[in-house]
Amino acid sequence: MAAYVFGAISRFHDAEDVTQHIAQELARRFDEYDSQRPFVGWALWIAKSRVIDFYRKQGRDRLVLSEDMLQKLAEVIVDRQSHRDDRRAALEQCLDRLPERSRRLLDLRYVEELPAERMAEAVGSTAGSVRVLLTRVRHVLAECIQKRLSADSV
Amino acid sequence: MDTLEKQIDRWLDDELSPSDWQHLSARLSEDAASMHLFAERVGLHADLRRTLRRRHLQRDAIAAAEASTSTRENIASNDPQPLNRRIATRRAVVAACVLLVGVTLIISWLGLNSGDSSTQQWATLSHQVNAVWEVKPVQERDSIGSEVLRLKSGLARLDFENGAFVTLQGPAVFEIYDANRTRLHSGIVTAHIPKSAVGFQIETPALDVTDLGTAFGVSVDAGGQTEVCVFEGEVAVKLPNGPSDSDSVRVVEGRSVATRKGAGDIDRTEFQSERFRESWSLTSGVLETSGKMRFVSPGPSFVPGRHEDSHHILVFPERRDVMLETPVPIDLSSPGQYRRIPRRQIVVLKPGRRVHSYLIQFDPIGRLARRDPGKSRIRGRIVFDQPIVALIAAGPKLIATDPLLGHPAADYGRLPRGIEAVRPQNPDNEGRDRVVLADDRRTLTLDLAAGSAVDQIRVLVLSSSNESELE
């Protein structure tokens, strides 16, 4: 659920507020859920409506995913959700193997929520270099997680 | 790394230009592999946010705990044994639990307006005892939403909207995610979870606890050692990020388990609940005991008939939230001193109230003769969180109310029981018991003389704060 909303809405606080709205709506409408069908699919169907509501409130100047893209994203996330716990466990291990500088960069982005310019000031670099480095760190983490999942499945 | 990856990252960081967005949007719409990469990256993005924030809180919590000068009782693990995880029904239990969480969420959220979720409140800070907070002080009756509470010392009780009671014992760092999901980063908590809140979760860095209808305590020390003690009912525990929910283990009352972060196994440990006693007392509705009054430790061994103490007046919680459907014989319902009621005078508590019952007892080991001049006296005071509606102090009335209001696992024995009250017409009241209910209706003072009867008094306390029920 969080992945879906974080994919559709860029800013952390906006995404987290919408996620919480969705959780409330799921609870309110739980008696509508047909237990013969996948729960995640139903939950993402409701999530899509709330994301579109959010887009409407934001106005037309924001970049948004189309309804068709939201639907495709939901389908891919449903396919991937069975390995969710394994991926999180792998992420814990992969984070521990990162160099200190990379972990610092991730903390600045994900904990302190700084934009690239402010991250650059904090580490004494340029915004461009920080963006490249952040993408590289995410790439390394994604590869590390994939390797661990592949090793576990052998 | 290709352009697609960079563009996805710029999108996630809210830095993508409109022209790049058109390019990215087209690729995601037309190319399934691109959408898969996008989904992978947003999943990582969401997990990084969750994981790094949690790690940050843990670092803060451990630093705060290490800085504290408070001594923390070490968790004993004299005979650790790996638990048998082969529980045939665990998948069904977890599935049922998930369903119950859903149902509970519906119950807890029905009637709430759908306002801004960032201001949604999940609990109220109902009581605090000598509480010192870090950074932001929290006051009694403050509403608490999704936030991190940092208690340096003292006790603080949170009454959740769904009926769950959780007491923090400082130093503690406790995070509320929503009405049903919380996280203990460090410190001690005890919880009483009624049926309306079954499925309530307390995560810790080392394991996750899901309530299955129960009362329990969780402790996380500065070194990450984590212990779960189950006082009543049962809970399910599992390692965080374990392979699947089916690896959860059930822990029943009178049992405890322990592990530490990254240990990979959950071990059974000796049940030692003393460290939870203070916190449990507040969770159970007792704000304060003084003098020689002492609230018992939680757990199935600490019930009347199984636990004696020569040096303290003991307070046993007996039953919670009992609906009185018939008149109950009582001895005192108004502030003042308890005096013996003539046998022909019948005083009853009218039905229609919900109450918690407690047994207060002084039962020194060994029996003294009724008229032994060497009887020792013992004094104590107790303050409850809600008004006392009645006291039951005469032996026959105690026996009559045992089935409805007594502890289900207690053994009340056959010895004479009750309070040997002061007699109004008798000038010689030496050697008698004195019990006074204060005007605030919450404070009870006892001055008891050990005798041949087991000194016992049953206290009925309103289960809600609706004081109109006192009329």
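Please read all numbers here as calculations on a predicted model, not as lab measurements. (Residues numbered from 1 in each chain as written. Chains lettered and ligands numbered in written order. Predicted model: local features only at pLDDT ≥ 70, side-chain atom pairs only at ≥ 80, totals over all residues. Heavy atoms only, no water.)

Draft legend 1. Expanded view of the overall build of chain B. Helix and strand counts for chain B come out as six helices and 24 strands. In chain B, the share of contacts with a sequence separation of at least 24, taken over all contacts with a separation of at least 6, comes to 63%. Accessible area of chain B: about 20500 Å², with a carbon and sulfur share of 49%. (Helix = DSSP H or I, 4+ residues; strand = E, 2+ residues; numbered from the N terminus. Contact = heavy atoms within 4.5 Å. Areas by Shrake-Rupley, 256 points an atom, 1.4 Å probe, with all protein chains shown as cover.)

Draft legend 2. A look at the interface of chain A and chain B. Contacts between the two partners involve 55 residues from chain A, matched on the other side by 59 residues from chain B. When chain A packs against chain B, close to 5300 Å² is buried across both sides, 57% of that on carbon and sulfur atoms. The tally of links from chain A across to chain B stands at twelve salt bridges. Residues B:R53 and A:E16 are paired through a salt bridge, measuring 3.5 Å at the closest nitrogen-oxygen approach. If you look at where chain A meets chain B, you find 22 residue pairs in polar contact (both at pLDDT 80 or more). Sorting the residues of the side of chain A that touches chain B by element identifies α1 (2-8), α2 (12-28), α4 (67-80), α5 (84-96), α6 (100-110), α7 (116-123) and α8 (127-153) of chain A as the ones contributing at least two each. The greatest single-element share of the side of chain A that touches chain B, amounting to ten residues, is contributed by α2(A). Among the residues making up the side of chain A that touches chain B, the classes are represented as 27 nonpolar, eight polar and 20 charged. (Buried area = accessible area lost by both parts, 1.4 Å probe. Salt bridge = Lys/Arg side-chain N within 4 Å of Asp/Glu carboxyl O. Polar contact = N/O pair within 3.5 Å; in protein donor to acceptor, adjacent residues only side chain to side chain. Nonpolar A, V, L, I, M, F, W, Y, C, P; charged D, E, K, R; others polar.)

Draft legend 3. How the structure looks around the pairing of strand β21 (residues 388-392) of chain B. Residues and elements named next belong to chain B. With respect to burial, β21 is a largely interior element, five of its five residues being buried. Bridge analysis of β21 against strand β24 (residues 455-462) gives four bridges, and the strand direction is antiparallel. Each residue of the ladder has a partner; that of I392, found in β24, is R458. (Buried < 20%, exposed > 50% of the residue type's maximum accessible area, 1.4 Å probe, protein only. Pairing = 2+ DSSP bridges.)

Draft legend 4. Fine view of the sheet that holds strand β19 (residues 354-362) of chain B. Residues and elements named next belong to chain B. An order of β14-β15-β19-β24-β21 is seen for the five strands of this open sheet, with the pairing classed as mixed. Among the strands making up the open sheet, the edge pair consists of β14 (293-295) and β21. Adjacent strand axes in the sheet meet at a mean angle of 30°, parallel and antiparallel pairs treated alike. Here three bridges tie β14 to strand β15 (residues 313-323), and the two strands are oriented parallel to one another. Of the residues in β15, the one forming a bridge with M293 is I313. (Axes fitted to C-alpha atoms, helices over the stretch in contact; angles between N-to-C directions.)

Draft legend 5. Structural detail: unusual backbone geometry. All names here are of chain B. Cis geometry is adopted by the peptide bond preceding P171, which originates at G170 and carries an omega value of 0°. When you line up the elements, P171 lands in strand β5 (residues 165-176). The phi dihedral of R441 is positive, around 65°, even though this residue is not glycine.

Draft legend 6. Spatial organisation of α5(A). Spanning 13 residues, α5(A) covers 19 Å between terminal C-alpha atoms, matching the ideal 18 Å at 1.5 Å per step. Along α5(A), the residues that are buried comprise A:D85, A:R87, A:R88, A:A90, A:L91, A:E92, A:C94 and A:L95. (Expected span 1.5 Å × (residues − 1).)

Draft legend 7. Structural detail: the sheet that holds strand β23 (residues 443-449) of chain B. Residues and elements named next belong to chain B. Overall, antiparallel pairing links the five strands, which are arranged β13-β20-β23-β22-β17 in an open sheet. Edge strands, defined here as strands with exactly one partner in the open sheet, are β13 (286-291) and β17 (336-337). Bridge count for strand β22 (residues 434-437) against β23 is four bridges, and the pairing is antiparallel. Its bridge partner lying in β23, V436 is registered against T445.

Draft legend 8. Structural detail: the packing of aromatic side chains. In the structure shown here, the tally under the stated rule is seven aromatic pairs over all chains. Residues B:Y358 and B:F384 carry aromatic rings whose centres are separated by 4.8 Å and whose planes lie at 55° to one another, so their mutual orientation is tilted. One end of the pair, B:Y358, is in strand β19; the other, B:F384, is in strand β20 (residues 377-384), and 26 residues separate them in sequence. The same class applies to B:Y358 and to B:F384, which are both buried. Over the ring of A:F12 we find B:R49, and its NZ or CZ is 4.3 Å from the ring centre. (Phe/Tyr/Trp six-rings, centres within 6.5 Å; stacked < 30°, edge-to-face > 60°. Lys NZ or Arg CZ within 6 Å of the ring centre and 35° of its normal.)

Draft legend 9. Just the state of the cysteines, in detail. Residue and element names in this part refer to chain A. The final tally for this structure, using the stated rule, is one disulfide over all chains. Here C94 pairs with C144 through a disulfide, and the sulfurs are 2.0 Å apart. An S-S torsion of about -85° defines the bridge between C94 and C144 as left-handed. With C94 in helix α5 and C144 in helix α8, this residue pair connects regions lying 50 residues apart in the sequence. Each of the two residues, C94 as well as C144, counts as buried. (Disulfide = S-S within 2.5 Å.)

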